[in-house]
Amino acid sequence: FCYIRDLDNESTWSAAFQPSLKTAESYEVVFSQGRAEFRRQEQNFETHTEIVVSSEDDVEMRRVHISNRSRRKRWLEVTSYAEVVLTQAAADAAHPAFSNLFVQTEILPQRNAILCTRRPRGAGDPQPWLFHLMKVHNAEIRDVSFETDRSIFIGRTHNIHEPEALSKNQPLSNSQGAVLDPIVAIRYRFQIDAHDSVTIDMVMGIAENKEACTALVEKYQDRPLTDRAFELAWTHSQVVLRQINA
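Caption draft 1: Here's a closer look at the overall build of the protein chain. Looking only at helices and strands, one finds 6 helices and 14 strands in the protein chain. With the C-alpha coordinates aligned to their principal axes, the bounding extent of the protein chain is approximately 60 × 55 × 35 Å. Going through the 246 residues of the protein chain one by one, you find that 48% of them count as buried. Accessible area for the protein chain stands at about 12400 Å²; split by element, carbon and sulfur atoms hold 49% of it. Placing the 28 positive and 34 negative side-chain charges of the protein chain at their respective mean positions leaves the two points 2 Å apart.

Caption draft 2: Up close: the layout of surface pockets. Of the volumes computed, that of the largest pocket is approximately 310 Å³. Around the largest pocket, the lining is made up of 19 residues, and of these Phe1, Cys2, Ile51, Arg62 and Met202 lie nearest the centre. Elements supplying a minimum of two residues to the lining of the largest pocket: strand E5 (45–53), strand E6 (59–68) and strand E14 (197–207). Tallying contributions element by element places E6 first for the lining of the largest pocket, with 4 residues. Class assignment of the residues belonging to the lining of the largest pocket gives a composition of 13 nonpolar, 4 polar and 2 charged. Its boundaries defined by the atoms lining it, the second largest pocket holds a volume of some 260 Å³. Taken together, 15 residues form the lining of the second largest pocket, with Thr87, Ala91, Arg118, Arg121 and Asp125 sitting closest to its centre. Residue composition of the lining of the second largest pocket, by class: 7 nonpolar, 4 polar and 4 charged.

Caption draft 3: Region of the structure containing the sheet that holds strand E3 (residues 26–32). The sheet built from 8 strands is open, its strands ordered E3-E4-E5-E6-E14-E11-E10-E9 with antiparallel pairing. Each edge of the open sheet is held by one strand with a lone partner, namely E3 and strand E9 (103–108). Geometrically, the sheet is characterised by an average inter-axis angle of 10° between neighbouring strands, direction not taken into account. Pairing analysis gives 6 bridges linking E9 to strand E10 (residues 113–118), with the strands arranged antiparallel. Bridging from a neighbouring strand, Glu106 pairs with Leu115 of E10. Taken strand by strand, helix H5 (residues 210–219) contacts E6, E9, E10, strand E11 (129–137) and E14, and its axis lies near 10° from that of E11. Here helix H6 (residues 223–243) sits on the sheet in contact with strand E4 (35–42), E5, E6, E11 and E14, set at roughly 105° to E6.

Rules and cut-offs
- Residues numbered from 1 in each chain as written.
- Predicted model: local features only at pLDDT ≥ 70, side-chain atom pairs only at ≥ 80, totals over all residues.
- Heavy atoms only, no water.
- Helix = DSSP H or I, 4+ residues; strand = E, 2+ residues; numbered from the N terminus.
- Buried < 20%, exposed > 50% of the residue type's maximum accessible area, 1.4 Å probe, protein only.
- Areas by Shrake-Rupley, 256 points an atom, 1.4 Å probe, with all protein chains shown as cover.
- Lys, Arg positive; Asp, Glu negative; His and termini not counted.
- Charge placed at Lys NZ, Arg CZ, Asp CG, Glu CD.
- 1 Å grid on protein atoms, 1.4 Å probe; cavity = no way out; pocket = protein on both sides within 12 Å on 5 of 7 lines; lining within 4 Å.
- Points joined across faces, edges and corners; volume = space filled by probe spheres on them.
- Nonpolar A, V, L, I, M, F, W, Y, C, P; charged D, E, K, R; others polar.
- Pairing = 2+ DSSP bridges.
- Axes fitted to C-alpha atoms, helices over the stretch in contact; angles between N-to-C directions.
- Contact = heavy atoms within 4.5 Å.

Keep in mind these numbers describe shape, not what the thing actually does.
So, in C-alpha cells, the structure goes:
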C-alpha cells in the first residue's frame, strides 16, 4: 500500500483505491503489456503509479509520480506498507500469529531500506531474505522514518484503512528486531513546489541469503538501474508475446 498525507490540511488518501477506500475526484486504472498503472486526482494533486516486475531479479517495483497542481508549496508525507510472510501461503493461513514469530526485521537507515528474514525452524529449512527500499527524487526531504511492528502502525481500535500512524503528526517509531506482527513501512516527509512533480520509487525484492539481498539493495539505489527495470519489463512482455505468437 501507499498512503499519502497533506501536512497542510491533515487530509489523507492512497495512491490507489486501496487501502483508504476514498472516492477520488478522478480515477483511472490501466493494465498494459508488462505493467499496471493507477491514476488519481485528489486535493490539487495528480498521482500516477506504475507497477512492474523486474525481468532480471526477484523484484517488484512501484514508481509513484506526484504532481502539485496548486499555486503554492506543499508538504507531503508518503508512507509505504506491506505485511511480511516469507513462508508458504497455506502455513501462514493456518497459523498466522505463530508463523509471524519467526520473522526478524532489520532497518538500514543509511540505505533507506528494511531487511527481513525468517529464522529456520529446522536444520534443513531455507532462510529467505526480503528487502523493502524507498527513494524520493526531486524533492526537499525533511526526514525519513521506518516501522516494522504492525501493532504500533495500526494502533488499538484502528484498522488498515485508517491506521493510527497516519493520525499522529510525528515520524514512525523505527522499531526493529523480533516483532510480534512484522510489516515493512517507510515514511518520507518532503516539500513539493507549485506546479512541480516528485518521483517515488518503492522496491520489494527477495533473495536466498543476506549478502544477495544487500546486493539488491545497493543495486536499486541507482536511478538509472531502476529506469532500466521499467524499460526491460516492456521489452520482456514483447518477447513473450512473440514467443506465443499472440
